[in-house]
Amino acid sequence: MNTRWLVVILAAGMGTFVHAQQPLTLRGEIVEVSCYTKLGIEKSTGAGHAACAKECVGKGQPLAILTDGDGLIKITGDYAAEKYTKLLPYVGRQVEVTGTPDRYLDYSRAINVTKLAPIAAKK
């Protein structure tokens, strides 16, 4: 194979890879995945469910962000480390997260969160 063609093919492939890693910003509520799956949105969201969610996270269950438009997206990366220690104060609260698209261990949609900001409650 001609070396020039190999360079062109590799460059095209790298362009696709770089494009896939564009920053992603989502707004929604931090929820625990197993409770959300079993109990539904009404019983697994809000501050009233935070204690149960934190208990489940302690048992190894994952956290996700529940958005209006994109649905449930699991959280990976530094914010998922050490049983989601950085995220626990935000369970049941509205936040804005920024990161890159990722996949969770079960290949479901995820975001590798690099930045988090709480959203002020509407008065």
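Quick look at the structure, then. (Residues numbered from 1 in each chain as written. Predicted model: local features only at pLDDT ≥ 70, side-chain atom pairs only at ≥ 80, totals over all residues. Heavy atoms only, no water.)

**Notes on the overall build of the protein chain**
Working step 1: Within the protein chain, the secondary structure is distributed over 5 helices and 5 strands.
Working step 2: Each helix (α) and strand (β) of the protein chain, taken in turn from the N terminus, gives the series α-β-α-α-α-β-β-α-β-β.
Working step 3: The burial tally for the protein chain puts 33% of its 123 residues in the buried class.
Working step 4: Considering only contacts in the protein chain between residues 6 or more positions apart, those separated by 24 or more positions represent 63%.
Working step 5: Looking at the protein chain as shown, the accessible area adds up to about 8,000 Å², and 58% of this sits on carbon and sulfur atoms. (Helix = DSSP H or I, 4+ residues; strand = E, 2+ residues; numbered from the N terminus. Buried < 20%, exposed > 50% of the residue type's maximum accessible area, 1.4 Å probe, protein only. Contact = heavy atoms within 4.5 Å. Areas by Shrake-Rupley, 256 points an atom, 1.4 Å probe, with all protein chains shown as cover.)

**Things to note about the pairing of strand S5 (residues 109-118)**
Working step 1: Bridging between strand S3 (residues 71-76) and S5 involves 3 bridges; their strand directions are parallel. If you follow Ile 75 over to S5, its bridge partner there is Ile 111.
Working step 2: Across 9 bridges, the pairing between strand S4 (residues 94-103) and S5 is antiparallel. Bridged to Thr 98 within S5 is Lys 115.
Working step 3: Following S4, the chain reverses through 5 residues before pairing antiparallel with S5; Tyr 107 in that reversal takes a positive phi of roughly 70°. (Pairing = 2+ DSSP bridges.)

**A word on the side chain of Glu 29**
Working step 1: With respect to the helices, strands and loops of the structure, Glu 29 is situated in strand S1 (residues 24-32).
Working step 2: Buried charged residue Glu 29 carries no salt bridge. Nearest counter-charge: Arg 93, at 9.7 Å.
Working step 3: One polar contact links the side chain of Glu 29 to the main-chain amide nitrogen of Gly 46, over a distance of 2.5 Å.
Working step 4: Setting aside anything within four residues of it in sequence, one finds Glu 29 in contact with Thr 45, Gly 46, Ala 64, Ile 65, Leu 66, Gly 92, Arg 93 and Gln 94. (Lys, Arg positive; Asp, Glu negative; His and termini not counted. Salt bridge = Lys/Arg side-chain N within 4 Å of Asp/Glu carboxyl O. Polar contact = N/O pair within 3.5 Å; in protein donor to acceptor, adjacent residues only side chain to side chain.)

**Comments concerning the environment of Gln 22**
Working step 1: Residue position: Gln 22 is located in the loop between helix H1 (3-20) and S1.
Working step 2: When neighbours within four sequence positions are excluded, Gln 22 is seen to be in contact with Gly 99, Thr 100 and Pro 101.

**Looking at the pairing of strand S2 (residues 63-67)**
Working step 1: For S2, a buried count of 5 out of 5 residues is recorded, marking the element as mostly surrounded by other parts of the structure.
Working step 2: Where S2 and S3 come together, 4 bridges link them in antiparallel fashion. Looking at S3, one finds that Ala 64 is bridged to Lys 74.
Working step 3: In textbook terms, the turn of a hairpin is the stretch between consecutive antiparallel strands, and for S2 and S3 this stretch comprises 3 residues.

**Points about the sheet that holds S3**
Working step 1: In space, the 5 strands of this closed barrel follow the order S1-S2-S3-S5-S4, with mixed pairing throughout. Neighbour-to-neighbour, the strand axes of the sheet open up by a mean angle of 55°, direction not taken into account. (Axes fitted to C-alpha atoms, helices over the stretch in contact; angles between N-to-C directions.)

**Quick word on the packing of aromatic side chains**
Working step 1: Counting across every chain of the model gives 0 aromatic pairs.
Working step 2: The aromatic ring of Tyr 79 is capped on one face by Lys 86, whose charged end is 5.3 Å from the ring centroid. (Phe/Tyr/Trp six-rings, centres within 6.5 Å; stacked < 30°, edge-to-face > 60°. Lys NZ or Arg CZ within 6 Å of the ring centre and 35° of its normal.)

**What to know about unusual backbone geometry**
What is expected of a backbone is that most residues other than glycine have negative phi and most peptide bonds are trans.
Working step 1: With a phi angle near 55°, Lys 83 is a residue other than glycine that sits in the positive phi range.
Working step 2: For Lys 83, the position within the fold is in helix H5 (residues 81-84).
Working step 3: A positive phi is found at Tyr 107, a non-glycine position, where the angle reads about 70°.
Working step 4: Checked against the element boundaries, Tyr 107 lands in the loop between S4 and S5.

On their own, these measurements won't tell you what the molecule is for.
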